[in-house]
Amino acid sequence: MAKRHERELKNTGYEIFIGFLSVLSIVNIVLVFAFDDPNLDIVLQVMSGLLIIIFLADFGYRLLTSTSRSRYFFRQFGWADLLACVPIEPFKVFRIFRVIRVSHLLREHGTRRILRSLIKDRAGSALLTLLLMGILVLEFGSLAILYIEQDVDGANLTTGGDAIWYVLVTISTVGYGDRYPVTNAGRLVGAMIILVGVGIFGTFTGYLANLFLTPPESVAPTEPAIAGSDSNERIESLKSLVAEQRAALDKIERLLSPPH
């Protein structure tokens, strides 16, 4: 059973990434029904479209890499993964099956093995963490700036579309300049978004540079070099062995030589 779950676990960091996004999508469903705000709905609709694209890619990845596609689709809630990608509110409830599957698989995998796997694949885990941070900043940064700015006199961040656009150009460090906060609280949120964006793209650039520029690891020699007294002892041992071999060859030669 454990081996089967291990095969189903594509990658520890990837499973955690998908699990967090599944929880985020469920939180967004709750926000849609809890607040009657058209501007908030615009932000959540944009994020829902982004999550649907990610979940569709995840469904295709699991289907193509599964050892048994029929088992994944019918017994491992593949059908729920597909229905969860339908852009209709009632079908989004099926995303709970992703959370259940990921939590079950990670529990079977074990905490220590999860930590070892994350440490072993540091580059991949860092990349997925950056992607998750980008998604979280895009959504909650938009909601925060919209909450602060939309009702202020002279504000030009008054709609969900404005907030998404502002956070997108800010986190990418482009700074288009057509939308900007006018309150001190809004500027503070904007400064935090800028700092996070610089960190995300700086780390992402370093990851790509390391990926493409790092030379392949050389094969370690089978016999490590021996220095100092160990080297002298090895040399003396080889000399003794050679002397013994010569003595044995001389003895064999005398035995084989014809008598005079």
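Up top is the structure.
A quick note: this is a predicted structure, and the numbers were derived from the prediction, not measured.

1. Focus: the nonpolar core
Line of reasoning, step 1. Grouped together as the largest cluster of nonpolar side chains are 32 residues, with contacts concentrated most on Phe17, Leu21, Val43, Ile135, Ile145, Val167 and Ile193.
Line of reasoning, step 2. Where this core is concerned, the elements lending two or more residues are helix H2 (12–34), helix H3 (38–65), helix H8 (122–149), helix H9 (160–171) and helix H10 (184–213).
Line of reasoning, step 3. If one sorts the elements of this core by residue count, H8 sits on top with 9 residues.
Line of reasoning, step 4. Here Ile135 is in contact with Phe17, Leu21, Leu24, Met47, Leu50 and Ile54, once residues within four sequence places are set aside.

2. Considering the environment of Leu138
Line of reasoning, step 1. Looking at the element boundaries, Leu138 is found in helix H8.
Line of reasoning, step 2. Judged by its relative accessible area of 14%, Leu138 falls in the buried class.
Line of reasoning, step 3. Those residues in contact with Leu138, other than ones at most four positions away along the chain, are Met47, Leu50, Ile164, Val167 and Leu168.

3. Examining the pattern of salt bridges
Line of reasoning, step 1. The final tally for this structure, using the stated rule, is 5 salt bridges.
Line of reasoning, step 2. Between Arg62 and Glu15 there is a salt bridge; the shortest N-O distance is 2.8 Å. Here the residue Arg62 occupies a position in helix H3, and Glu15 occupies one in helix H2, the gap between them amounting to 47 residues.
Line of reasoning, step 3. By relative accessible area, Glu15 is classed as buried at 0%.

4. With respect to H3
Line of reasoning, step 1. With 28 residues, H3 should cover 40 Å at 1.5 Å per step; its first-to-last C-alpha distance of 40 Å lies within 8% of that length.
Line of reasoning, step 2. A side-chain oxygen of the first residue of H3 lies 3.0 Å from the backbone nitrogen of Asn39; this N-cap is Asp37.

Reading the values: the criteria
- Residues numbered from 1 in each chain as written.
- Predicted model: local features only at pLDDT ≥ 70, side-chain atom pairs only at ≥ 80, totals over all residues.
- Heavy atoms only, no water.
- Core = buried A, V, L, I, M, F, W, Y, C linked by side-chain atoms within 4.5 Å.
- Buried < 20%, exposed > 50% of the residue type's maximum accessible area, 1.4 Å probe, protein only.
- Helix = DSSP H or I, 4+ residues; strand = E, 2+ residues; numbered from the N terminus.
- Contact = heavy atoms within 4.5 Å.
- Salt bridge = Lys/Arg side-chain N within 4 Å of Asp/Glu carboxyl O.
- Expected span 1.5 Å × (residues − 1).
- Polar contact = N/O pair within 3.5 Å; in protein donor to acceptor, adjacent residues only side chain to side chain.

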